[in-house]
Amino acid sequence: MPLNVDFTGKVVVVTGAGGVLCSTMARAFAQAGAKVAALDLNEEAVKALAEECKAEGFICEGYKANVLEPEALEEVHQQVLKDLGPCDILVNGAGGNNPRATTDNEYQHEAKEGQKTFFDLDASGVDFVFRLNFQGTLLPTQTFAKDMVARKSGCILNISSMNAYIPLTKIPAYSGAKAAISNFTQWLATHFAGTGIRCNAIAPGFLVSNQNRKLLFNEDGTPTARTAKILGGTPTGRFVDSEELLGGLFFLCDDKAASAITGVVLPIDAGFSAYSGV
Ligand code: NAD
């Protein structure tokens, strides 16, 4: 059978594993038999995740790691080699936006007290978002793909976004940075072609998480105007659940099921990216 969810013995390195989506992914890989290295700036979060996984009988170690510091990444790499072995699958999950690179309103051009327009965006905020998402994917790939080249097999999985296809209002830097991730996914797939390493990405659609719940729902549970826009732009009229990312993740990381698949960005978006609105 081409589909058999079993990552027994595979060493899976997940960056951003202290966060909402990638902790779900790291835990699922551990439950599927993998030896998981959970990396995050937030050491407490990945240590707690590792303890939870171990308590359930799965293999997971937590490591403090900044995806923007190559030397520190190499130190973590050496520790992962000792603890778990060479990396088979790398999930580049660390990423995100920053308020300093976000406008307050969609179509506001005139300055207003206390409101940030496009003209007020902070260059250092824009730089932060590009660095975190792009360099934060490139640097761990430089570090951990060495294990894969040496063994002539491996899989890299990047996290793109809906904003990579068509930019979302208010977040020019995050949209540009995720477009760069989709582009880099194709670049890596081509660069490593012939080495046995595949590189793909998933592009999650709109999810409800604790971080954005207040933006999406009023206190009485009714949807906000933003939710109406999102669901109006999604032909199936629904959000995506974080657990629904796992099927695409496992499929793309499975050397048998996805043996001929490299350089793709898989939208997991309930149809959002396919819909023109008409
Ligand atoms: P999150 O904020 O919950 O998790 C991100 C994690 O990355 C955090 O634990 C944070 O500590 C860590 N991190 C930040 N900077 C780091 C650094 N320099 N080094 C190491 N770790 C660092 O975010 P999430 O919603 O789980 O998103 C995970 C990925 O999915 C991100 O790449 C994000 O851009 C992408 N994504 C999210 C959504 C969504 O709706 N949540 C949609 C599309 C794409």
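Quick caveat: nothing in here was measured; it's all calculated off a predicted structure. (Residues numbered from 1 in each chain as written. Predicted model: local features only at pLDDT ≥ 70, side-chain atom pairs only at ≥ 80, totals over all residues. Heavy atoms only, no water.)

## What to know about the environment of P223
Logical step 1: Residue placement: P223 occurs in the loop between α6 (213–216) and α7 (225–232).
Logical step 2: With 10 residues separating them in the primary sequence, P223 and R213 have C-alpha atoms 10.0 Å apart.
Logical step 3: Sequence-distant contacts of P223, defined by excluding residues within four places in its chain, comprise L216, F217 and N218. (Helix = DSSP H or I, 4+ residues; strand = E, 2+ residues; numbered from the N terminus. Contact = heavy atoms within 4.5 Å.)

## Things to note about the packing of helix α4 (residues 123–151) against helix α5 (residues 172–191)
Logical step 1: Running from N to C, α4 and α5 point in directions that differ by 20°, and their axes come no closer than 8 Å. Between α4 and α5, the angle falls in the class roughly parallel. Pair α4 / α5 crosses with right-handed handedness. Of the residues in α5, those touching α4 at V126, V129, F130, N133, F134, T137, L138 and T141 are A173, Y174, G176, A177, K178, A180, I181, F184 and L188.
Logical step 2: Across the contact of α4 with α5, the residue classes break down as 12 nonpolar, 4 polar and 1 charged. (Axes fitted to C-alpha atoms, helices over the stretch in contact; angles between N-to-C directions. Parallel < 35°, antiparallel > 145°, perpendicular 65-115°, else oblique. Left-handed = near helix turned anticlockwise from the far one by under 90°. Nonpolar A, V, L, I, M, F, W, Y, C, P; charged D, E, K, R; others polar.)

## Some remarks on the sheet that holds strand β3 (residues 59–64)
Logical step 1: The sheet built from 7 strands is open, its strands ordered β3-β2-β1-β4-β5-β6-β7 with parallel pairing. At either end of the open sheet lies a strand with only one pairing partner, and these are β3 and β7 (265–268). The average angle at which neighbouring strand axes cross in this sheet is 20°, direction not considered.
Logical step 2: The pairing of strand β6 (residues 197–204) with β7 spans 4 bridges and is parallel. The residue bridging P204 from the neighbouring strand is I268, located in β7. (Pairing = 2+ DSSP bridges.)

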